Amino acid sequence: MTRRLFIFGLGYSGLEIAKLARAQGFDVAGTCTTAEKAAQLRHAGFDVHLFDGTAALPEAVLRGASHVLCSIAPTDTGDPALHTCRALLGHAPWLGYLSTTGVYGDHGSGWVDETTPAVPGHARSIARLAAEQAWRDLARETGATLDILRLPGIYGPGRSAIDQVKAGTARRIDKPGQFFSRIHVADIANATLAAMVRIMGRTMAHTMAPTGATALWNVADDLPAANSDVVAHAFELLGRPVPPAIPWEQIASTLSPMARSFYRESRRVRNDRLKRDLGVVLRYPTYREGLKAIAEA
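Residues numbered from 1 in each chain as written. Predicted model: local features only at pLDDT ≥ 70, side-chain atom pairs only at ≥ 80, totals over all residues. Heavy atoms only, no water.

Caption draft 1: Structural view of the overall build of the protein. When you go through the protein residue by residue, the secondary structure sums to 12 helices and 15 strands. A compact globule built from 297 residues should have a C-alpha radius of gyration of about 19 Å, and the protein, at 20 Å, falls within 12% of that. Seen along its three principal axes, the alpha-carbon backbone of the protein occupies a region of about 60 × 40 × 35 Å. Across the 297 residues of the protein, 50% fall into the buried class. If you take every contact in the protein between residues at least 6 apart in sequence, the share linking residues at least 24 apart comes to 79%. Carbon and sulfur atoms make up 53% of the accessible area of the protein, which amounts to about 13,400 Å² in all. Each charge class in the protein can be summarised by its mean position, and for the 33 positive and 28 negative side chains these summaries are 1 Å apart. (Helix = DSSP H or I, 4+ residues; strand = E, 2+ residues; numbered from the N terminus. Rg over C-alpha atoms; globule rule 2.2 N^0.38 Å. Buried < 20%, exposed > 50% of the residue type's maximum accessible area, 1.4 Å probe, protein only. Contact = heavy atoms within 4.5 Å. Areas by Shrake-Rupley, 256 points an atom, 1.4 Å probe, with all protein chains shown as cover. Lys, Arg positive; Asp, Glu negative; His and termini not counted. Charge placed at Lys NZ, Arg CZ, Asp CG, Glu CD.)

Caption draft 2: How the structure looks around the nonpolar core. Formed by 36 residues in total, the largest nonpolar core has its most connected members in Leu5, Ile7, Ile17, Val219 and Leu274. Sequence-distant contacts of Leu274, that is, excluding residues within four places in its chain, are made with Ala191, Trp217, Asn218, Val219, Gly279, Val280 and Leu282. (Core = buried A, V, L, I, M, F, W, Y, C linked by side-chain atoms within 4.5 Å.)

Caption draft 3: Looking closely at the sheet that holds strand β1 (residues 4-8). Across the sheet, which stays open at both edges, the seven strands sit in the order β3-β2-β1-β4-β5-β7-β13 with parallel pairing between neighbours. Each edge of the open sheet is held by one strand with a lone partner, namely β3 (47-50) and β13 (214-218). Pairwise comparison of adjacent strand axes, ignoring direction, gives a mean angle of 20 degrees for this sheet. As paired elements, strand β5 (residues 94-100) and strand β7 (residues 145-151) share seven bridges and run parallel to each other. Residue pairing across strands places Ser99 opposite Arg150, the latter belonging to β7. Across the sheet, helix α1 (residues 12-23) is in contact with β1, β2 (27-32), β4 (67-70) and β5; its angle to β1 comes to roughly 175 degrees. Across the sheet, helix α7 (residues 185-198) touches β1, β4, β5, β7 and β13, and the angle it forms with β7 is around 165 degrees. (Pairing = 2+ DSSP bridges. Axes fitted to C-alpha atoms, helices over the stretch in contact; angles between N-to-C directions.)

This is the structure in structure tokens:
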């Protein structure tokens, strides 16, 4: 059986998943939005197609895909992949969707897991929950297995507190009782591949047996932490003096509306199901290991 993965959105997380999937023997194709990036990805050996969510891809592009993953954020018209290409997605036995733990809403620093009701508070999280449901509907109609991976704050090389310290933009923000969960991009890829190959165990006579079932996975690391702790650790790893934390009341007005919106919610995300049922062993179980690897690189 041909293992072909098609990824809507070869961005920061999507490309990491593509690289790992290719290393594990998948034929990988996907989309991006600019000709310049498409050329770069093709030079790296990927089958890439331009896609901006306004028009469907050619049917031949998705033909033969055994796995389809969407990492694109929803727009005003809903999920871009489903809005334009839904009719082309009826043959893949496995579907995957990268969502957000923002769908849980604010829990006052309390813990959430996959059984916690989704009560999103931000418009972008409401849109994500609607996109989750749209993918559920498609899986139910086609009989595909659907894995929804809910992600907290994503960091990794080029997008971390280490990079912010080096760039001179890092600020230690002190908002008492505020916790953020996070995940290294490499562990997003590991978790996604674990979900993808799980269905392969149901392969018989070279035919994957779709189930129509949906599984939720919180893809978060083991240690939710305050921004001030993470940034302080980045300064320490780089051998630089740790600056004093700035009180929330003092800095809030200087932040962008998007940044302020993140601080309006606080929750700690459990990952027990990911490790127990999917067998994922985190490469970077906390921000400490993840930032150390970035600093050393």
